[in-house]
Amino acid sequence: MEENNIILTIKSLSKYFGALKAVDEVSFEVKRGEILGLIGPNGAGKTTITNVVTGTYPKTSGSVIFEDTDISNLKPYQIARKGLTRTFQVVKPLIGMTVEENVLVGSLYGRDKRNTDMKNASKRAREIIKLVGLESKKDSLVSDITLPDLKKMEFARVLAMEPEVLFLDEVMAGLNPAEVEEASILVKRVRREKELTIVYIEHIMKAVMGISDRIVVLHHGRKIVEGTPQEVVNNSAVIEAYLGKRYAKEVNNEG
Amino acid sequence: MFNNKKVNIFLIIVGIIIFIFLPRFVSGYWVRVITTIFMYAVISQGINLMSGYMGYLPFGNAMFFGVGAYITAIGMGKGLSFLAVLPLAALTAILVSILFGLPVLRLRGHYFAIATIGMSGALLSVVQNATEITGGAMGTTLPIIDKSPEVTYNYFYLAMLALMVITTLTIYLIIKSKFGFGIRSIKANEEAANSMGINTTYHKVIAWAISALFTSIAGALYAYWMSFIGPEEVFDVMIAVNTIVIMLIGGAGSILGPIIGAFVISLLSEVVWSTFLEYHLAVLGITIIIIVFFVPKGITGAIADFVKKRELRLRKKVSV
């Protein structure tokens, strides 16, 4: 890909909680149209980066450049309307509303100004629900559907906002292997159809390998490696972060 | 579905027509009771918008009632006509709601509720002490309409009915709009709403301004109707408490809930009052506890559940 194809630049971004450096001087770029895996063990700072980039937490220092503008001082709703949206690690459905209403809210307040009209927005919501395969559940209350369906609903809800960049925060958590497989296929298919850029956050290495074009590995709030899935999986620093020093040595000796 | 909607609109229009002509068939006492019911329904509707739909319980909402009443009293005392003073009263209440709302609507849950009580108390204290403008703790009088009491009471009955209908219709249209989905999302999950492109602060402030608008008009009408108001009476926190109970009994987050609740509570109160003169509040309180226990979603919620269950049963029968 060419150099000018960068859609999102994260530049020496830091987030401290008191003395804890949850994210420490992290920099990486996201190319237009790719799936970038953001991985690391629990507590590496993956969700904190997501929260800072999407405006939920204020940054400590650094900058986030999205399509030539610094968005690191904007509020979550402003960032979302610009076309950078997210899903949540723990699903946050709008309780008391149906699946269709949840998705409708996404399309009403999304990037596409035509959808401020109720009719257009409803049409859009139904299309997206069909795209993720939730048609049979569209009139169910979100409190009545299963976790895999909730995750699909949340995915549909952010898609309805017509984003350019989508942060998927551990969408696979809590799903069984068959459901993980189904979800991966869905994410890949939707990415192709909508020409989305996806930052895919996951702590299970296996889930992220098959889906990502490139991977950024975090550990203790710092970026330790960046590269293709193959490069990352063979990197001793990554193995060390996940499995400890002794195991990393053994692998290196064998290799 | 379409048919159902037509039937509903027809029933509502019939209801309004019945209420317009009702004063001809009942005593003056009942005209006044029903006027109060309309008034409570309006205030409760304002709380319903904030709490039933948006999840922010405005315990101090009586302050807008008080502001509406006092601006009307002061304005008419200076010789302005009621219709000239009404927009001033509404505008003042909206300004107060925005001024207080910008900082206070950042608080969530109980903290917001408590902060609004504080604001209501602060306003009461200002009105009590600014004696030269407000008449102080003694209260103040308004010009009396130069007609027979019966005509006057009918006039306020119709005005309050119109206010109730307009309030309910406006809130209904708001809830069905994009803005309505925005405030319902805030109740459902404010963090998710924010990350979905909803400017939550803006939505909360505007919703409270709308709530203040209708509550203050109710206060303005009340002041003109009573022709005498005291600060403790119109800034009474119990006005909010009563209308919160009305909303809960009728059904929070339901458009007809406050109206149904206002009728049920007020008529219940009338019956209880006439049979248990001494223990009237105790009996009423216990009745409310019992209702909340057995009908937690309010009357409209219980009806909706009943209809849903029956539909499910019918569907099962068909599939068998």
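Rules of the game
- Residues numbered from 1 in each chain as written.
- Chains lettered and ligands numbered in written order.
- Predicted model: local features only at pLDDT ≥ 70, side-chain atom pairs only at ≥ 80, totals over all residues.
- Pairing = 2+ DSSP bridges.
- Helix = DSSP H or I, 4+ residues; strand = E, 2+ residues; numbered from the N terminus.
- Axes fitted to C-alpha atoms, helices over the stretch in contact; angles between N-to-C directions.
- Contact = placed C-beta atoms within 7 Å.
- Domains from an automatic or database assignment.
- Nonpolar A, V, L, I, M, F, W, Y, C, P; charged D, E, K, R; others polar.
- UniProt positions renumbered as here; feature names shortened; annotations may be inferred.
- Buried ≥ 20, exposed ≤ 12 C-beta atoms within 10 Å, placed from the backbone.
- Expected span 1.5 Å × (residues − 1).

### A look at the sheet that holds strand 10 (residues 222-227) of chain A
All names here are of chain A.
For step 1, the next point in the chain: Spatially, 6-7-8-3-9-10 is the arrangement adopted by the six strands of the open sheet, whose pairing is mixed. Because the sheet does not close on itself, it has two edges, and the strands there are strand 6 (84-86) and strand 10. Looking at each pair of strands side by side, their axes are set apart by 20° on average, direction ignored.
For step 2, the next point in the chain: Here four bridges tie strand 3 (residues 35-39) to strand 9 (residues 214-219), and the two strands are oriented parallel to one another. For I39, the partnering residue across the bridge sits in strand 9 and is V217.
For step 3, the next point in the chain: Relative to the sheet, helix 9 (residues 236-243) contacts strand 9 and strand 10, its axis offset from that of strand 10 by approximately 130°.

### Quick look at the domain arrangement of chain A
All names here are of chain A.
For step 1, the next point in the chain: In terms of domain boundaries, chain A breaks down into domain 1 (1-83 + 163-229) and domain 2 (93-162).
For step 2, the next point in the chain: Just the C-alpha atoms count here: the centres of domain 1 and domain 2 sit 23 Å apart.
For step 3, the next point in the chain: If you look at the interface, domain 1 gives 13 residues, while domain 2 gives 11 residues.
For step 4, the next point in the chain: Going through the elements one at a time, helix 2 (76-82) and helix 6 (177-194) are the ones with two or more residues in the side of domain 1 that touches domain 2.
For step 5, the next point in the chain: At five residues, the largest contribution of residues to the side of domain 1 that touches domain 2 is made by helix 6.
For step 6, the next point in the chain: Its residues assigned to classes, the side of domain 1 that touches domain 2 shows eight nonpolar, two polar and three charged.

### Considerations on the UniProt feature "domain: ABC transporter" (unreviewed entry) in chain A
For step 1, the next point in the chain: Annotation from UniProt places "domain: ABC transporter" (unreviewed entry) at residues 8-245 of chain A.
For step 2, the next point in the chain: Structurally, residues 8-245 of chain A is divided into 38% helix and 26% strand, and its ends, taken at the C-alpha atoms, are 33 Å apart.

### Brief notes about unusual backbone geometry
Residues and elements named next belong to chain A.
For step 1, the next point in the chain: Phi is positive for E67, close to 50°, though the residue is something other than glycine.
For step 2, the next point in the chain: Mapped onto the fold, E67 is located in the loop between strand 4 (61-66) and strand 5 (69-70).
For step 3, the next point in the chain: Looking at E67, the number of C-beta atoms within 10 Å reads 15, which means it is partly exposed.
For step 4, the next point in the chain: With a phi close to 45°, E170 is a non-glycine residue in the positive phi region.
For step 5, the next point in the chain: Along the chain, the position of E170 falls in the loop between strand 7 (165-169) and helix 6.

### Remarks on the pairing of strand 4 of chain A
Residue and element names in this part refer to chain A.
For step 1, the next point in the chain: Bridge count between strand 1 (residues 6-17) and strand 4: five bridges; the pairing is antiparallel. Residue pairing in the sheet places T9 in a bridge with I65 of strand 4.
For step 2, the next point in the chain: The pairing of strand 4 with strand 5 spans two bridges and is classified as antiparallel. Among the inter-strand pairings, F66 is bridged to a residue of strand 5, identified as T69.
For step 3, the next point in the chain: Where strand 4 folds back onto strand 5 in an antiparallel hairpin, the turn is made up of two residues, including E67, whose phi is positive at roughly 50°.

### Looking at the sheet that holds strand 1 of chain A
Residues and elements named next belong to chain A.
For step 1, the next point in the chain: Pairing is antiparallel in the open sheet, where four strands are placed in the order 2-1-4-5. Each edge of the sheet is formed by a strand with only one pairing partner; in this case those strands are strand 2 (20-31) and strand 5.
For step 2, the next point in the chain: Two strands pair when backbone bridges link them, and strand 1 and strand 2 are joined in this way by eight bridges, in the antiparallel orientation. Bridge pairing in strand 2 places K15 opposite V23.

### A short note on the pairing of strand 8 (residues 197-202) of chain A
All names here are of chain A.
For step 1, the next point in the chain: Burial analysis of strand 8 places six of its six residues in the buried class, which makes it a mostly covered element.
For step 2, the next point in the chain: The alternating pattern of strand 8 places T197, V199 and I201 and I198, Y200 and E202 on opposite faces, both of which are buried.
For step 3, the next point in the chain: Looking at chain direction, strand 3 and strand 8 are connected through five bridges and run parallel. Within the sheet, the bridge partner assigned to G37 lies in strand 8 and is Y200.
For step 4, the next point in the chain: Taken together, the five bridges between strand 7 and strand 8 define a ladder with parallel strand orientation. Of the residues in strand 8, the one forming a bridge with F167 is V199.

### Focus on helix 7 (residues 149-176) of chain B
For step 1, the next point in the chain: Helix length check: helix 7 of chain B (28 residues) gives 40 Å between terminal C-alpha atoms against 40 Å at 1.5 Å per residue, within 8%.
For step 2, the next point in the chain: The complete set of buried residues in helix 7 of chain B reads F156, Y157, M160, L161, L163, M164, T167, T168 and I171 of chain B.

### What to know about the environment of T201 of chain B
For step 1, the next point in the chain: As for its placement among the helices and strands, T201 of chain B is situated in helix 10 (residues 200-226).
For step 2, the next point in the chain: On a C-alpha basis, the gap between T201 of chain B and Y153 of chain B in space is 41 Å, while along the polypeptide they are 48 residues apart.

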